[in-house]
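As a plain string of letters, each chain reads:
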Amino acid sequence: MSADLTQLDSPLPLAPGRPAANPWIISIAVMLPTFMEVLDTSIANVALPHIAGTLSASTDEATWVLTSYLVANAIVLPATGWLSSFFGRKRFLIACIAIFTTASVMCGMATSLPMLIFARVVQGAGGGALQPIAQAIMLESFPPARRGAAMAMYGLGVVVAPIIGPTLGGWITDQYSWRWNFYINVPVGIVAILMIQSFIHDPHYIAKARRRTIDYLGFGLMAVWLGTLQVLLDKGQQEDWFASKWIFWAAVISGAAMVGFIVREMRAREPIVDLRVLLNRNFALGTAMIFLVGIVLYATIALLPLYLQTLMGYPATQAGMAISPRGLGSFVAMFVVGAIVGRLDNRWLLAFGFALLAGSVWVFGGMTLDIAISSIVWPNVASGFALGFIFVPLTNLAMGKLANEQVGNASGIYNLMRNLGGSVGIAWVTTMLARDSQRVQAALSENLSAYNPIFMMRFNELIASLSPRVGAAAAHEKAYGLFYAQLQRQAASQAYINDFRMLALICALCIPLAFLFKRVVAKKELAAGH
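Residues numbered from 1 in each chain as written. Predicted model: local features only at pLDDT ≥ 70, side-chain atom pairs only at ≥ 80, totals over all residues. Heavy atoms only, no water.

Novice: What am I meant to see in the packing of aromatic side chains here?
Specialist: The description of two aromatic rings rests on the distance between their centres and on the angle between their planes. Considering all chains together, one arrives at 12 aromatic pairs under this definition. Here Phe331 and Phe335 contribute two aromatic rings whose centre-to-centre distance is 5.0 Å and whose plane-to-plane angle is 70 degrees, an arrangement assigned as edge-to-face. One end of the pair is Phe331 and the other is Phe335, both in helix H17 (residues 325-340) and four residues apart, which spans about a single turn. Look at Phe331 and you get partly exposed, because its relative accessible area is 41%. On the accessibility criterion, Phe335 (52% relative accessible area) is exposed. When the centroid spacing of 4.8 Å and the interplanar angle of 70 degrees are considered together, the rings of Trp348 and Phe515 count as edge-to-face. Of the two residues, Trp348 sits in helix H18 (residues 346-364) while Phe515 sits in the segment after helix H22 (472-513), which places them 167 residues apart along the sequence. (Phe/Tyr/Trp six-rings, centres within 6.5 Å; stacked < 30°, edge-to-face > 60°. Helix = DSSP H or I, 4+ residues; strand = E, 2+ residues; numbered from the N terminus. Buried < 20%, exposed > 50% of the residue type's maximum accessible area, 1.4 Å probe, protein only.)

In structure tokens, the structure reads:
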């Protein structure tokens, strides 16, 4: 299919007789449910102990509340383009919001862990299509000169939502109940359905599309591949990775299903996911880079609260508040970049964003155990600002050479790669955190020896200060315990530093990649009715 840029010179025509609504009203209609869906990927994280206690489950068992949602979400994401053309995009979008909202009520009313997990699977399946459909509709509703502003608004949902999710979830859980983390979706879902019914219509290529056959084999291979991959990424570190037989076989099955899926989709006459879109250079490079963005975004979101709570002693809500300024940085950046993205070469904006993100994440790699809160807040603001300069130009560059008919299918793949990047990033940094901590602890413990005069001097001083309070015998054991606790904190701190520096290196490596994109230039013309 031709990817001639001239096909993007104006919003895609609607079906005959359908008046075009204001594109900003359309954006609000599709971003309301999308924001809530992305929020639900992280809002329940801090509530897991409360969920486990209420439903008489262990914390490990309760993590399936997160995994089940991500698995169902990942399976639906790449098939969104096909499902939209099969059922009709507007009809499919309304059905997805209805399923997501109903499942949210089921989650809040759950009386057992299996019931909650089932509801989360349904919720994830209903919400999986919301991100790519919202992105496709917004790209089609705006003329090229204003698509940067549209993607800035879209970025507010998919970048800011996971950042504020843990903070909002912790506050709701503390003030009310974990069940309200799900009930808050209900009014948003109802308003979204009413707005979509009123303002959104299918474009002509969907309204007149013929009913296609279902690629059952392709969908089955995709479900097995993504389902097993998501489970092994989520449970791998907990099960010591390939030391566990079921993790090993999950990896084998996932790899085999992935290969089978790719072969099937490249050969199928009507594939459920058209992978041929990856032959477009800009889109292939864009999907690779959004995967790396997902790694950095979700890995830092996972690491910072852990660092503040486990090593600095912050309560959950305060830890969330310390990282929430990242959302403020992204919020400001989306407006700035939305205003200039159509005037400047997007490749330079992207390179600037990655450079700023690399610098701000590197600052986290210099944290110590006696830092002030400002040392966390300002790098977070900078990294949030950097994400705005990455997300919008990257989306424009990745999608800018595609025809309108390709955008729906491409959006599913693009959003899937960001989410998979997040899963890989969290699994990777938590694994490295555990193993680096053990390695550093083993190295540092060599200094806690009777043959080290400095250690023995400090050790004896500590015993002398403790003896009047606990007695000479107990002081000896107490001193060893205090030294060992400090050793563990220092080892863990160094492991966090190593993780942040690796993430900063990934960002730095992306800077030159920005200039491998072909330049995208949009004609500055507005379509009638917008």
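Novice: What exactly am I supposed to notice about a nonpolar patch on the surface here?
Specialist: Taken together, Val224, Phe242, Phe248, Trp249, Val252 and Ile253 make up a surface patch of nonpolar side chains, about 570 Å² in accessible area. No other element matches helix H14 (residues 245-267), which puts four residues into the nonpolar patch. Topologically, Trp249 is positioned in helix H14. (Patch = residues over 30% accessible without salt bridge, like charges linked within 9 Å, V, L, I, M, F, W, Y side chains within 5 Å. Areas by Shrake-Rupley, 256 points an atom, 1.4 Å probe, with all protein chains shown as cover. Salt bridge = Lys/Arg side-chain N within 4 Å of Asp/Glu carboxyl O.)

Novice: Can you walk me through the packing of helix H9 (residues 147-175) against helix H19 (residues 374-399) in this structure?
Specialist: At a minimum axis distance of 9 Å, the contact between H9 and H19 shows a crossing angle of 125 degrees. Between H9 and H19, the angle is such that the two are oblique. Relative to H19, H9 is oriented so that their crossing is right-handed. Mapping the contact onto sequence places Arg147, Gly148, Met151, Ala152, Tyr154, Gly155, Val158 and Val159 in H9 and Leu387, Phe391, Val392, Thr395 and Asn396 in H19. The residue inventory of the contact of H9 with H19, partitioned by class, reads eight nonpolar, four polar and one charged. (Axes fitted to C-alpha atoms, helices over the stretch in contact; angles between N-to-C directions. Parallel < 35°, antiparallel > 145°, perpendicular 65-115°, else oblique. Left-handed = near helix turned anticlockwise from the far one by under 90°. Contact = heavy atoms within 4.5 Å. Nonpolar A, V, L, I, M, F, W, Y, C, P; charged D, E, K, R; others polar.)

Novice: What's the story with the nonpolar core in this structure? I'm lost.
Specialist: For soluble globular proteins, nonpolar side chains are generally found buried alongside one another. With 132 residues, the main nonpolar core has Phe283, Tyr307, Leu308, Leu350, Leu394 and Leu503 as its most contacted residues. In terms of residue count, helix H15 (residues 281-310) provides more of this core than any other element does, 15 residues in total. By size, the runner-up hydrophobic cluster in this structure holds 17 residues, among which are Ala52, Ala110, Leu116 and Phe182. (Core = buried A, V, L, I, M, F, W, Y, C linked by side-chain atoms within 4.5 Å.)

Novice: Help me understand H15 in this model?
Specialist: Residues that lie three or four places apart on an α-helix share one face, since the helix turns once every 3.6 residues. Along its 30 residues, H15 runs 44 Å from first to last C-alpha, staying within 8% of the 44 Å computed at 1.5 Å per residue. A large share of H15 lies buried, amounting to 21 of its 30 residues. Between a side-chain oxygen at the N-terminus of H15 and the backbone nitrogen of Asn282 the separation is 3.1 Å; the capping residue is Asn280. (Expected span 1.5 Å × (residues − 1). Polar contact = N/O pair within 3.5 Å; in protein donor to acceptor, adjacent residues only side chain to side chain.)

Novice: Can you help me understand the side chain of Asn419 in this one?
Specialist: Position of Asn419 relative to the elements: it lies in helix H20 (residues 404-445). Other than its neighbours up to four places away in sequence, Asn419 contacts Asn73, Leu77, Gln131 and Tyr298.

Novice: How should the pattern of salt bridges be read in this particular structure?
Specialist: Opposite charge on two side chains allows them to pair when their charged atoms are near. Scanning all chains against the criterion turns up five salt bridges. As a salt-bridge pair, Asp274 and Arg276 come within 3.3 Å of each other at their nearest N and O atoms. Arg276 sits in the partly exposed class, given a relative accessible area of 33%. Of the charged contacts in the structure, one is a salt bridge between Arg519 and Asp345, with a shortest N-O distance of 3.9 Å. Residue Arg519 is located in the segment after H22, and its partner Asp345 is located in the loop between H17 and H18; the two are separated by 174 residues in the primary sequence. For Asp345, a relative accessible area of 13% gives the class buried.

Novice: I keep staring at empty space enclosed by the protein and nothing clicks. Help me out?
Specialist: Over the atoms, a rolling probe the size of a water molecule traces out where space has been left empty. For the coordinates displayed, the defined rule picks out two cavities of 30 Å³ or more. Roughly 30 Å³ of internal volume is contained in the second largest cavity. The wall of the second largest cavity is formed by Pro33, Met36, Ile97, Phe100, Thr101, Asn185, Val188 and Gly189. Residues that form the lining of the second largest cavity fall into these classes: five nonpolar, three polar and no charged. (1 Å grid on protein atoms, 1.4 Å probe; cavity = no way out; pocket = protein on both sides within 12 Å on 5 of 7 lines; lining within 4 Å. Points joined across faces, edges and corners; volume = space filled by probe spheres on them.)

Novice: Quick question: what am I supposed to make of the environment of Pro271 here?
Specialist: Mapped onto the elements, Pro271 comes out in the loop between H14 and H15. Sequence separation between Pro271 and Ile214 is 57 residues, and the spatial gap between their C-alpha atoms is 8.3 Å. Setting aside residues up to four positions removed in sequence, Pro271 forms contacts with Trp82, Asp215, Glu265 and Arg276.

Novice: Help me understand the state of the cysteines, please; the structure alone is not making it clear to me.
Specialist: A disulfide bridge is the covalent bond that connects two cysteines by way of their sulfur atoms. This model, assessed by the stated rule, comprises zero disulfides. Free cysteine: Cys107, not disulfide-bonded; nearest cysteine sulfur from Cys96 at 16 Å. Looking at Cys510, it has no disulfide partner, and the nearest cysteine sulfur is the one in Cys507, 6.5 Å off. By relative accessible area, which is 0% here, Cys510 ends up buried. (Disulfide = S-S within 2.5 Å.)

Novice: Would you explain H20 in this entry?
Specialist: Given a rise of 1.5 Å per residue, 42 residues ought to cover 62 Å, and the 61 Å separating the end C-alpha atoms of H20 matches this to within 8%. Of all the bends in H20, the greatest, near 35 degrees, is centred on Ala410. (Bend = angle between axes of the 7 residues up to and from the residue.)

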